[in-house]
Amino acid sequence: MNFFGHDYLSGFRRIDRIGPTYRPPVWAEHESYHLKEALLWNRRKGSRVSTRNDWLQIQIGGPEDVKKKRAKGQNRIKSTKYTLITFLPQNLLEQFRRIANFYFLVMTIISLLIGKCSLESSQYISLCDLHIFPCPADSPVSPMTSLLPLVFVIAVTAAKQGYEDVLRYRTDNVVNASPVTVIRDGKEAIIKSEDVGPGDLVVVERDCDVPCDLVLLRSTDPHGKCFITTANLDGESNLKTLLVPRDLPTVDLSEMHKLGMIECESPTTDLYSFNGKIELKGVEGRVLPLSAENVLLRGSRVKNTECVIGCAVYTGMITKLQLNSRLTRNKNASSETYINRFLIVILVALIAIVTLLYFLKRYNELFVIPKLTYLGDATDSYSVKQFLQDYLSFLILFNYLIPISLYVTIELQRVIGSLFMEWDQELYESETDQPCVVNTSNLNEELGQINILFSDKTGTLTKNEMNFQQCSIGGSKFLFKKTRLEDEETKALLDINKFNANQRIFFQALSICHTVQVASGSLEEADASKESAAGAAAAAATNKTGPPEMYSISDITEESQTSSQQSELNVSHTIENSVSSHPNNGNFTATSSDVNPLLVSDDGYGVERRKRPVVVKRSPNFARANRVHIADSPSIPTELNGGGATNGISTQPNVRPISLQFQRSTSERDLPQFEEANAGPALGHRRAHSYGAPNAYLTNPLAAPSSPPVGVIFRSPSTASRESYAAPTFTRQPTMLVRAESQRRKNEIRDFIFTLDYQASSPDEKALVEACANLGMVYTGDDDEVLRVRIVPPHMDYKRPFTNAKPKEETFQRLHVLEFTSDRKRMSVIVKDAEGRRWIYTKGAESYVFPLCANSSADLVTKTDAHISDFARLGLRTLAIARRQIGEAEYQDFLTELAQANSSLENRKQLSEECYAKIESNLDLLGATAVEDALQDDVADTLVSLQAAGIKIWVLTGDKVETALNIALSCGHIPPDAKKYFIIDCKNREEMLLHLNALDREIIFGIGQECALLIDGKSLGVALAEVSSEFRDVAVKCTAVLCCRLSPLQKSEVVSLIKSSNENYNTASIGDGANDVSMIQEAHVGIGIMGREGRQAARCADFAFAKFCMLKRLLLVHGHYHSVRLCLLVLYFFYKNIVFMGIMFLFQFHTLFSSSSVYDSLFLTLYNVIYTSLPILFIAITEKPYTEEKLMQTPQLYKKNTDNKQLHWPFFLMWMLFAIYHSVIIFYFAFCLFSYNNVILNYGQTVAFSCFGTLLMWTVVVVVNLKLWLESMYLSFWYIFTIVISILGFVITTVIYNVINLDYDTDIYWAYNNLLASLPVWLWILLTSVACLVPDFTIRMLQRALNIKHFSIFPGKQRKMKMREKAENTYL
């Protein structure tokens, strides 16, 4: 960890580690730099943070001096690259790093300096007067021919980059301006998120995002717990538990800002560590320790806890989430490297040509011109001025050898190409109305150059939802069919009434052996609510689009009017509802945003919002304040608290006494009755919505109930939801009665599961509990560790709700939870049933549970193990279930040993596990479960296709090794027959080198055998710090790499390590959460998935879309097309300019090297703008060497363009040879025509010199456009039309220009009209075009007929590498 101490001279200083010299890694240096900048910025802004002994001191509640003005903007995040002040200089600096731009800047300056120097007034002094540059009569070409294209290129590029930065600025403002509730000076206020400062007491409500890093001080949970999800931090959507610091005194809200002082370490990138303390005020002066379990990090989301209050410690850019995010940087396509190489070659050729022509001119001046007496006497003296004039004149004359319009055309091609991707219907997700988004069009062609793909797992490869599929009970295998089990052998369907003892005990174990939380009201509350709302529901049924027997959750409220009145707090306002001033000086109303994505209809009859009426949960794990309730339809009246709700919105009073204690009762009977409720407007403040990322920040008032409320998210019908089960499709039965009953029962149970809203620390647990509920064992929550399981019998009368019956309810007192750890691979619960018997239920990996079973279960273990093997072949995740009864003496011994282990200061973990293992013995095996981790659509096909395309895939995840391995095998990331090499818990350099050497030998001696590497975060940290290059060189040889338990920064370090390879790999990263942002920004190409974990990854990515399977089309189709198109564009531009300037070069040999131009200035200006720009731009956005279907079906075609093969030297040299050939043919055909018989006009007259240059230009335009036609694969009428239009554009502009007697440059007055009227001229153009293009056509046909490849004619780098690999393999 890096700390900064206070230094009054430098502001902050770094303290190195004690001991040997320590050189921090690159990421640490970046971290320290950003920390220093951020902390200094906070200091300049008047931050309340002070430092002492490398620790930050933060006053809880802010400074005691109330008169001191609070600083603003301390919690502002920034992802933009420019500001209004830095945009122009920084952007110009970036653009002039391009060789072509810098070159034309120099050429423009030179052409302006050596241009006409005549002065109209003596008050001006030119450089010519100072004898620095010569002033010839006129320049070879007009300076504007260089200046105008340069200005155009710079302006277009600057506008594009500025627009992209404005978009980033707007997205930052959405986050920074989101409302946050804080308590300042004992009073509640709503401020903008960016104005939260260190020390502020921040109120975070259920399903809201945490705005900054907070120390938890108060929770509505009676046990001081706070449940959160950290999907945006580490990719895990499992529920995690945080705690209020132990022994923290309970004070009124008005006195919380007087609690004391927080001292903590300076912020670091480690998400899982925090060191600090609270120094309490008062006589006691106690000090309470703080750890990571007391801190809510920015990016986490509060779940299952109605409200918490925390003290802000790290804000803005120094939060742990932001420190794990890389700063936005410019990304350049790898093709620009080749373009720069070509430009350097052309620039060297230009200097060589200019130098050669200059010396030839000097030779003629010394030895040839003196012999030509008609030219007059030769000049005796030769000055530096004359040298500069001659040399720079040639330089300006040939500056068109470098195509400045190349960059303009590339920018236009990229922008239009990005629009094509956004318009692609195959990349459009209709369910969410989400098209593909291109944030950085500079990297379009990089999509076709990817060698290594880095992918997140959770939410990217998987949907992170578990679906219960099969189970093994008592040696028999069963399939899960929603509300029944199907015996695999007899095909009999069993419901809960037909369960035998083994089956009932098995599902009883699943319903209580877990740590699942019930997020909403209990089942009794739902029952009562449904009874009280029966009339309204019946009335509303007529308005529903589905069949009348289809029950919906919208017909079930979570608590009745009566019970809700009796269960409210005796206060006039609660933490969760208030009316405050909006940051924009206006009152606004917000909803509680409890929109559950589970509220879907399997049959597509509609989507309804989840209602959350007033509920106070009796369970100690959940306590809920009075909430704003929005009715879904005006036809369903909602009355709460004895008062009518206006417009379907229940309201709360807008005054809250400061004396309200921030706590909840554990029982409904302990709560006083809620007295009064005003009907005024209410504000249910939310910083962020619960589930909807697109509308994640509520800033608009609520609409009328007749229209959907603003900011409320509606989900499309789908069974693919994180919070829902997704079992196999119901198999139709032979009778309508069974189908109707099954559909009714399935919907009823589903509705109650939706109402209960299970939240689990593991998606496996949630899937198992929901499966039990579907079968009729409904876990309804716990009350003071008393677990309640309701047994719901089936009903054949589908018209009668099954809640009218009095189902049986079983209760179990949970005594202990033996937590799951990566070492134990299992978890257990010890419970006491209603008869007083104690049982231990164990659930875990079969390899760890089977050895714990008693000998009496040996036969069952064998059968169950065979079933588990069958499940594993289907890619299902398996768990073994066992139990046994515990005697009184054994239980007392367990309590004693456990107390001794917990009180031990040394080896506490080891002693506890030994105690657990002792009681987890002699178990009776019950069976096993098989759960499917639902993969993204077509993820296996996508991964297999990408691997066939030559792309190596690395999965970087924060999940455990076991979980990630199961997913990697099921999705096809790791081939089933591949050797799997594990590097786990490696602690030092020596161990890592041993592992790498062993892996290298496995790869070398197992030629042809695929090998997969699996490594955890701890081992990877050693590899990155100690043996980074060795690890990289070995890992890239593996077929697949799986890195587990990584922090966000470690992900970016892995990407950076691969980028540093000498092989120049092109990398891409794909992810969907904020924890993937660093990885996405570090890779050459960043791809974001607009999933359920927010939109931060999509905003920071270069490309974003809705589903992982779209990546296949993005790379294999769009990547291939853009690579081919850019290569054609680049090579063609160099070709046509060499043809253009090659004629100019040959002309100098016949003019005594006079540096005169054979072309008119009009031709020089319009050649790259009108005559040759439209066809190449059109084909550069439409070229298709293969159809889209063939590219999708044949991934191997992707390899043809990787590593920019078509921009290698053989291709470039071939184009240049054709350019030289064409310029020679065009020039000397015209030269011979004019030399031997220039009487080619219809009037029998000789042609003037102006006709020579015009004829050359005409022929060049025709030949270069026809050459492009010949090289194109995808011919369309519009493309041919652009070629014709370009040639006609030359004809029309030249006709107009030559009828106007300007006498500005060369005199071509009426010259072109004479050429148009001459039949020999037309015949000559036809002959010259054929002579130029016959070799091109012949070689092209031979390549197709004989399948000759370019690099076989010109051996290049790729062929040499293959030869070397062949030699190495032969040697091995």
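Above: the structure in question.
Residues numbered from 1 in each chain as written. Predicted model: local features only at pLDDT ≥ 70, side-chain atom pairs only at ≥ 80, totals over all residues. Heavy atoms only, no water.

## So, the overall build of the protein chain
No. 1: A tally of helices and strands in the protein chain yields 38 helices and 40 strands.
No. 2: The burial tally for the protein chain puts 57% of its 1372 residues in the buried class.
No. 3: Sequence-distant contacts, at least 24 apart, represent 76% of the contacts inside the protein chain between residues at least 6 apart. (Helix = DSSP H or I, 4+ residues; strand = E, 2+ residues; numbered from the N terminus. Buried < 20%, exposed > 50% of the residue type's maximum accessible area, 1.4 Å probe, protein only. Contact = heavy atoms within 4.5 Å.)

## Describing helix α19 (residues 908-919)
No. 1: Here α19 contains 12 residues, and its C-alpha end-to-end distance of 17 Å stays within 8% of the 16 Å for a straight helix at 1.5 Å per residue.
No. 2: Ser 912, Cys 915, Tyr 916 and Ile 919 are the residues of α19 that are buried. Across the axial projection of α19, the buried residues extend over an arc of 100°, all falling on one side.
No. 3: Against β29 (808-818), β30 (826-832), β31 (838-844), β32 (877-886) and α18 (888-903) lie the buried residues of α19. (Expected span 1.5 Å × (residues − 1). Arc of directions from axis to C-beta.)

## Notes on the pattern of salt bridges
No. 1: The tally for this structure, following the rule as stated, stands at 45 salt bridges.
No. 2: For Asp 782, the salt bridge is made with Arg 814, and the minimal N-O distance between the two is 3.7 Å. Here Asp 782 is found in strand β27 (residues 777-783), whereas its partner Arg 814 is found in strand β29, with 32 residues between them in sequence.
No. 3: Owing to a relative accessible area of 3%, Asp 782 belongs among the buried residues under this scheme.
No. 4: Among the residues examined, Arg 814 registers a relative accessible area of 9% and is labelled buried.
No. 5: Between Glu 888 and Arg 838 there is a salt bridge whose closest N-O contact spans 2.4 Å. (Salt bridge = Lys/Arg side-chain N within 4 Å of Asp/Glu carboxyl O.)

## Regarding the packing of helix α28 (residues 1110-1148) against helix α33 (residues 1249-1271)
No. 1: Following both chains from N to C, one finds α28 and α33 inclined at 155°, their axes separated by 11 Å at the closest point. As summarised for this structure, α28 and α33 are arranged roughly antiparallel, according to the angle between their axes. Seen from above, α28 lies across α33 with right-handed handedness. Residues Leu 1128, Tyr 1132, Tyr 1135, Lys 1136, Val 1139, Phe 1140, Ile 1143 and Phe 1147 of α28 form the contact with α33, whose own contacting residues are Phe 1249, Phe 1252, Leu 1256, Met 1257, Val 1260, Val 1263, Val 1264, Asn 1265, Lys 1267, Leu 1268 and Glu 1271.
No. 2: The class makeup of the residues in the contact of α28 with α33 is 15 nonpolar, 1 polar and 3 charged. (Axes fitted to C-alpha atoms, helices over the stretch in contact; angles between N-to-C directions. Parallel < 35°, antiparallel > 145°, perpendicular 65-115°, else oblique. Left-handed = near helix turned anticlockwise from the far one by under 90°. Nonpolar A, V, L, I, M, F, W, Y, C, P; charged D, E, K, R; others polar.)

## As for the pairing of strand β35 (residues 979-983)
No. 1: Across 5 bridges, the pairing between β35 and strand β36 (residues 1011-1016) is parallel. Directly across from Tyr 981, in β36, lies its bridge partner Leu 1013.
No. 2: Where the polypeptide runs from β35 across helix α22 (residues 989-1005) and back to β36, its parallel neighbour, the crossover connection is right-handed. (Pairing = 2+ DSSP bridges. Right-handed = clockwise from strand over helix to strand, strands pointing away.)

## Re the sheet that holds strand β5 (residues 179-184)
No. 1: Strands sit in the order β6-β5-β7-β16-β8-β14 across an open sheet of 6 strands; the sheet is antiparallel. Every other strand in the sheet has two partners, leaving β6 (187-192) and β14 (295-296) as the edge strands with one partner each.
No. 2: Bridge count for strand β7 (residues 201-205) against strand β16 (residues 307-314) is 5 bridges, and the pairing is antiparallel. Along β16, the bridge assignment pairs Val 203 with Ile 309.

## Let's talk about the packing of aromatic side chains
No. 1: Scanning the model with the defined rule gives 41 aromatic pairs in all.
No. 2: A ring pair is formed by Tyr 363 and Phe 367, whose centres lie 5.1 Å apart and whose planes are at 40°; its orientation type is tilted. With Tyr 363 and Phe 367 both in helix α7 (residues 335-368), this residue pair falls 4 residues apart, about one helical turn.
No. 3: Aromatic pair Phe 1290 and Tyr 1312: ring centres 5.6 Å apart, planes at 80°, arrangement edge-to-face. Residue Phe 1290 is located in helix α34 (residues 1277-1298), and its partner Tyr 1312 is located in helix α35 (residues 1311-1316); the two are separated by 22 residues in the primary sequence. Side by side, Phe 1290 and Tyr 1312 carry an identical accessibility label, which is buried.
No. 4: Each residue in the set Phe 1147, Phe 1227, Tyr 1228, Phe 1231, Phe 1234, Phe 1249 and Phe 1252 is aromatic and connected to the rest through ring pairs, giving one cluster.
No. 5: When the ring centre of Trp 1215 is taken as reference, the NZ or CZ atom of Lys 1267 above it lies at 5.0 Å.
No. 6: The residue whose ring lies beneath Lys 1267 is Phe 1218, and the NZ or CZ to ring-centre distance is 4.2 Å. (Phe/Tyr/Trp six-rings, centres within 6.5 Å; stacked < 30°, edge-to-face > 60°. Lys NZ or Arg CZ within 6 Å of the ring centre and 35° of its normal.)

## With respect to unusual backbone geometry
No. 1: The backbone of Arg 1045 shows a phi angle near 55°, a positive value even though the residue is not glycine.
No. 2: For Arg 1045, the position within the fold is in the loop between β37 (1040-1044) and α25 (1048-1059).
No. 3: The partly exposed category is assigned to Arg 1045, whose relative accessible area is 40%.
No. 4: Residue Ser 1155 is not a glycine yet carries a positive backbone phi of 60°.

## Re helix α30 (residues 1173-1182)
No. 1: Most of α30 is tucked away, with 8 of its 10 residues classed as buried.
No. 2: Taken as a whole, α30 has its buried residues at Ser 1173, Pro 1175, Ile 1176, Leu 1177, Ile 1179, Ala 1180, Ile 1181 and Thr 1182.
No. 3: Each element contacted by the buried residues of α30 is listed here: α9 (405-423), α28, α29 (1161-1171), α33 and α34.

## Concerning the packing of α7 against α9
No. 1: At a closest axis distance of 13 Å, the pairing of α7 and α9 adopts a crossing angle of 165°. As judged from the angle between their axes, α7 and α9 are roughly antiparallel. You can see that α7 and α9 cross each other, and the crossing is right-handed. Contact residues: α7 offers Ser 335, Glu 336, Ile 339, Asn 340 and Leu 343, while α9 offers Leu 406, Tyr 407, Ile 410 and Arg 414.
No. 2: In the contact of α7 with α9, the residues fall into 5 nonpolar, 2 polar and 2 charged.

## A short note on a nonpolar patch on the surface
No. 1: A cluster of nonpolar side chains, Leu 1174, Trp 1278, Phe 1281, Val 1284, Ile 1285, Leu 1288, Ile 1292, Ile 1296, Val 1299, Ile 1300, Tyr 1309 and Trp 1310, forms an exposed patch at the surface whose accessible area comes to about 1,100 Å².
No. 2: The biggest single contributor to the nonpolar patch is α34, with 7 residues.
No. 3: Looking at where Ile 1285 falls in the secondary structure, it is placed in helix α34. (Patch = residues over 30% accessible without salt bridge, like charges linked within 9 Å, V, L, I, M, F, W, Y side chains within 5 Å. Areas by Shrake-Rupley, 256 points an atom, 1.4 Å probe, with all protein chains shown as cover.)

## Things to note about the side chain of Arg 414
No. 1: By the element assignment, Arg 414 lies in helix α9.
No. 2: Take Arg 414: its relative accessible area is 1%, and that puts it in the buried class.
No. 3: Among the polar contacts listed, one links the side chain of Arg 414 to the side chain of Glu 445, at a separation of 2.4 Å. (Polar contact = N/O pair within 3.5 Å; in protein donor to acceptor, adjacent residues only side chain to side chain.)

## Quick look at the nonpolar core
No. 1: Ranked by size, the top nonpolar core spans 103 residues in total, and within it Tyr 1159 and Trp 1258 carry the most contacts.
No. 2: Sort the elements by how many residues they give to this core and α28 lands first, with 18 residues.
No. 3: Setting aside chain neighbours within four positions, we find Tyr 1159 in contact with Phe 1140, Ile 1143, Met 1144, Leu 1164, Gly 1253, Leu 1256, Met 1257 and Val 1260. (Core = buried A, V, L, I, M, F, W, Y, C linked by side-chain atoms within 4.5 Å.)

## Some remarks on the environment of Ile 1087
No. 1: Relative to the helices and strands, Ile 1087 is located in strand β39 (residues 1085-1089).
No. 2: In this structure Ile 1087 comes out as buried when scored by relative accessible area, which is 0%.
No. 3: Residues Ile 1087 and Ile 1070 lie 17 residues apart in sequence; the distance between their C-alpha atoms is 4.6 Å.
No. 4: When neighbours within four sequence positions are excluded, Ile 1087 is seen to be in contact with Ser 1069, Ile 1070, Gly 1071, Ile 1080, Ala 1101, Phe 1103, Phe 1105, Leu 1111 and Leu 1114.

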